[in-house]
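Analysis of the macromolecular model
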Amino acid sequence: MDALHGFKDVQSLSFQRPIIRRLILGSYWVVILFAIPFWWRLTSIERIALPSNRVHAQLEKQPVFPVNVQLDGSSFHGRASLLASELNELLAKSTRTSTRWNNLDIHVTLDQNAARSVYTVAVGNGTVVRHPRHLILSQDDASSATKIADVLTGLLAPEASSRVQRVVQYSKRYRLAFTLLNEDVTSDQLIHNWDIHHISPVLSRLSVLHDFLIESQVQFHAPLAFEPVQIVSENSTLYGLTPEDLTVFVNSAEWTLSSSVSEDPVLHFLLFVPSSSRRPLHILDTQGSPTQHAVFLLPQWGGIYILNHLEHVGTRTHLTAVDLSLVFSAFVNQLSALLGVSDLPHGVKSDDPSILSDWQVDAVLRYRALENIVETQQTLHSIVKLVDQIKNMPVDETVRGDVQNALTALEKAYQSTAGLPSTILHWSREALSSASHAFFNPGMLALLYFPAEHKYAVYTPLFASIAVPLVVALGRELHAWRREHRTTAGKLVYHIQS
Amino acid sequence: MRWGTIFFALCLSASSESVTSYTNNVPPGESGERYDEDLFIRPLLDGRVATTFTFTTDLLGNVSRQSESSGQHYTLFPLTLGQILREYSIAELHLTLNSGKWNYDHWGYPDDPSVGTGAELWAWMADGPSSTIDERWTGLRNALAGLFCASLGSLDTRHTSSPSTVFPISFSSSIPHGLRYANLPSENVCTENLTPFVKLLPCKSRAGLATLLNPQRIFDADWHGLSIHLRSTEVGTELKLGVQAVFDPVRLSGGRRRDWSFRLLFDRIIHDSCLVATSSVVRVQIPDSGSHTLSPASVVDDNLTAMYNLMTQAPLDVSMSWPHEHTFQYPHVHESRLTPLSIQRTLHGSSQIHGHLFIALTNNGHHDIVVGYFENLPALVTLWMHTMEIKVDGTERNELISNVSYRPHQVLANGQKSPSTFQAILTVPASSTLHLSMEISRAFLKYTEHPPDAMRGWDLPPAILFPVCEPAMGICGMQNTSAGMRDRMYTPTLLIDLPTPDFSMPYNVIIFSCTLITLIFGSIFNLLTRTWVIVRVED
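Predicted, not measured: the structure shown is a model, and the values here were computed from it.

Caution applies to low-pLDDT regions: their predicted coordinates should not be interpreted in detail. All names here are of chain B. Residues at a pLDDT of 70 or more form 88% of chain B, whose mean pLDDT is 85. With pLDDT under 50 throughout, residues 1-30 is counted as low confidence; its partners more than four residues away or in other chains account for 37 contacts. Across residues 477-482, confidence stays below pLDDT 50; counting only partners more than four residues off in sequence or on other chains, it has 8 contacts.

Before going further, it helps to spend a moment on the interface of chain A and chain B. Across the boundary between the two partners, chain A contributes 52 residues, which contact 44 residues of chain B. Interface area for chain A against chain B, summed over the two sides, is near 4300 Å², with a carbon-plus-sulfur share of 60%. Taken together, chain A and chain B are joined by 1 salt bridge. In this structure, R206 of chain B engages D184 of chain A in a salt bridge whose closest nitrogen and oxygen atoms are separated by 3.4 Å. Inspection of the chain A/chain B interface yields 14 residue pairs in polar contact (both at pLDDT 80 or more). Mapped onto the side of chain A that touches chain B, the elements with two or more residues apiece are α1 (18-43), β6 (173-182), β8 (211-219) and α11 (452-497) of chain A. Among the elements that make up the side of chain A that touches chain B, the one with the highest residue count is α11 of chain A (10 residues). Counted by class, the side of chain A that touches chain B contains 24 nonpolar, 19 polar and 9 charged residues. Of the strand pairs in this sheet, β8 of chain A and strand β3 (residues 72-73) of chain B are connected by 2 bridges, and their pairing is parallel. For S216 of chain A, the partnering residue across the bridge sits in β3 of chain B and is H73 of chain B.

Along the chain, the position of S319 of chain B falls in strand β13 (residues 319-321). Excluding residues within four positions of it along the chain, S319 of chain B makes contact with W260, S261, T293, L294 and S295 of chain B.

When the UniProt feature table is mapped onto this chain, "transmembrane region" (unreviewed entry) is found at residues 20-40 of chain A. Between the end C-alpha atoms of residues 20-40 of chain A the distance is 30 Å, and the span holds 100% helix and 0% strand.

Below, the discussion takes up the sheet that holds strand β10 (residues 279-285) of chain B. Residue and element names in this part refer to chain B. With mixed pairing, the 9 strands of this open sheet are ordered in space as β6-β5-β4-β7-β8-β2-β1-β10-β12. Sheet topology places β6 (177-184) and β12 (305-309) at the edges, where each strand pairs with a single neighbour. This sheet shows a mean twist of 10° between the axes of neighbouring strands, independent of strand direction. Relative to strand β8 (residues 236-247), strand β7 (residues 223-232) runs antiparallel, the two being bridged by 10 bridges. Considered in β8, the bridge of L226 is made with V243. Strand contacts of helix α5 (residues 191-198): β4 (90-99), β7 and β8, with the helix running at about 40° to β7, the strand carrying the most contacts.

In this section: the pattern of salt bridges. Close approach of charged atoms allows side chains of opposite charge to pair. The final tally for this structure, using the stated rule, is 33 salt bridges over all chains. One salt bridge connects E227 of chain A with R278 of chain A, and the closest N-O pair in it is separated by 2.9 Å. Taken together, the residues span a long stretch of sequence, with E227 of chain A in the loop between β8 and β9 (229-232) and R278 of chain A in the loop between β11 (266-273) and β12 (281-283) at a distance of 51 residues. Looking at E227 of chain A, the relative accessible area reads 61%, which means it is exposed. Of the charged contacts in the structure, one is a salt bridge between R456 of chain B and D459 of chain B, with a shortest N-O distance of 3.0 Å. One continuous salt-bridge network, built from bridges that share partners, spans D46, R48, D220, D222, D248 and R251 of chain B.

Here is what the cut-offs are and how they apply
- Residues numbered from 1 in each chain as written.
- Chains lettered and ligands numbered in written order.
- Predicted model: local features only at pLDDT ≥ 70, side-chain atom pairs only at ≥ 80, totals over all residues.
- Heavy atoms only, no water.
- pLDDT = per-residue confidence, 0-100.
- Contact = heavy atoms within 4.5 Å.
- Buried area = accessible area lost by both parts, 1.4 Å probe.
- Salt bridge = Lys/Arg side-chain N within 4 Å of Asp/Glu carboxyl O.
- Polar contact = N/O pair within 3.5 Å; in protein donor to acceptor, adjacent residues only side chain to side chain.
- Helix = DSSP H or I, 4+ residues; strand = E, 2+ residues; numbered from the N terminus.
- Nonpolar A, V, L, I, M, F, W, Y, C, P; charged D, E, K, R; others polar.
- Pairing = 2+ DSSP bridges.
- UniProt positions renumbered as here; feature names shortened; annotations may be inferred.
- Axes fitted to C-alpha atoms, helices over the stretch in contact; angles between N-to-C directions.
- Buried < 20%, exposed > 50% of the residue type's maximum accessible area, 1.4 Å probe, protein only.

Here it is, written out as structure tokens:
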């Protein structure tokens, strides 16, 4: 038409047709829409689903330890069967009422051929526990089912409320660090050396629960971080530690007690020798009057013995085993307390007081197994909750594997409750270590500190400036198409009308 | 001065009888452990005073070889170090944290040879089945870093090598041992390192020689360093904790006098002796030129050393003064050099890619000296062996270098680059200077490999000159002290400037490339989707 100017009509060019233009625009958008899933896949964080249903189901479970107590029929003179049924009734009732009995299922029988881990009860001259798992009741204690039930309660499920605070968290391995602290190196009486070998009987009994590494050191200068109270009475001067002082007694800035090598928990036992100018150093009660105690326990940390009486040592600088017998029996008691070993109930004696009885060791085993199981349940629950809460926390295969291992080990622990207490402890320990391994997996922190805002800040200059022409072109094209559509529709109306 | 006279009077009576017996009444070996302390004070020619504290603990029986199950019981030996030794099966351990440049020419050989600037750690560890040497090395670094509050954890594979001829094991046993050596020249030593160090001593800083370790004065000294030397011996383990410092009393007195005393140098005197020490001795080297007075007076032995036994003479404040000298005159620089060798090591070249490393060794004596030369360079620089030149008085003397071994840096499995090591034996002719030069190229680091404050440059660790025994030449550096070297010598550190990027660059690059992509995209997109019309321009 415009041959005069030598131009073709632009409208007649193939690429100028609206359909081509729309195809081009459409293909841009198709590419973008197809790319979105890839983009999503490539930038998403790997989050493998955790077995959260199993974890929640675990929370409701509680292990139950079946305990068989066998009455020696002959020593009860025919009352045995009656006592057994009465005891069963009494114990079943207290199981329902008391919280600390929840996890025990006690059966009192007369059957001689019961399972291996059986506790036997007989009547004798005094209430004594014997090796292995044997209890002799005095005539008085054996007189009624209530009294027998009381003794059994004390032995099988010792009161746990007081020890929860001070018992250290369970670990397979502990370091026992014994430290002899001389308060002042310039003091007249300086202890150079000591013999420490008095705790092996206790340790060997507890070897089913823990391994122990023993270390000892002597510090010649270990000043206190505070001034003890000076108390002057008519004929003597003494120094006192108030209950507040005891909480800050350990001067961790000056005393080198920590280890930089191992991650095993350390239980510290300090023998503190006050300088000669600060002797005697007594612990004061809340009223401020001195007590005779020289020993105190720092919950979950260790024990401290203040050695005031050095008169018999004289000018020696070496403390012998005899000098230290009191000190180490105190340390042994503190160690038992820290590890959750309970004393025998009041009125019950042991025929060999130097070692722990099987009743005590079994009680600790059950206590520790239960503690580990509860801890595992809580840890697993925390993992699931944490992963739910933090949406950009990666969860990889190892975390799920650890969680599954922990769950499997928990199951095995439940199955082995009827067996040896050490088996259930083993599985509960496995469960706990897998659970904490999962919880502290470093991979879960990987992308936590690379927030999406940073990505947007970097890529907005690209995406925004590309998106603008795309969206505008789409809008314009839609607008044109709609107008076109309207005009064709109008024409149609016009045709019909005409 | 008044204090000095009081102590002089107090100590004079005691000193006469105590010079010969230095041991305390503590029976050594009761616990199989023994603790000795020693302070050596050496007035230097340039008016400075070199002080060396050595705290030695001997332990009978080898710590690292005992089995795991038997407990660890120590009285004098620090438990925290014992744990480290046991855990990582360490036969020999040397850690030094130094600050400053040791001036061999004027100060002579240091009493403790490890005077390289920064942190230096080397250890011989047993090769056991439970863990490899590299695992033990990692654990050891981290444990020591925690113990001494030093950044030894960063002595990773980028700095670690195993030069067993430079650092031979002092006591060989049947168990195979492996050496790991690393240095960190940019590490600074300060109070936070001294505090845990002092805690390893039985008497801490309450009594004995350690009373003098006043951090405000030690770290004010011209040169100062801490060292831990632990070695196995035939009978057990020997732990040597050392503090060296070079004080400048001339500076402390306002540029006038070189008189010194404990009070002046450390701002403290020793009040009490450490009762658990077997011996506690202060030794003072007497300068050749007389006219000085030493207080309290002491008998001087053949080696021109005055001795004080702290066990009997506490409280003690040793002082030395030059009463006839009004103002201290600095000696001339060229007077005499105290070591047979003088070392210079420099980097030349203004380019950011290439450069030259120059080492000049001057033999001050009249005999040839044979020394080993060792460089442990991080992968920041590459040495080019074919450009190596050895010149004496401008003429090339290639026969003076032998036993060259060069291990270029390698990319390790963890993606880090191991350091390159260069080792050679050099013969320095009598009364002349040997120049060794090599071309180097500087690394181009990745953006993320740059440390904070990258513009400062990178520290290159000191090179080490070590005595060698060469049977063929019949000279042994160790034996012939007059002709050879007595001990290791360290060159000063170098600061190297690498190509450093503008650190705002990545963001700029992102913005630029985004803009460019958008521009191209926009034009093409417009070309493809615009409607073209012919506009008729009316005439």
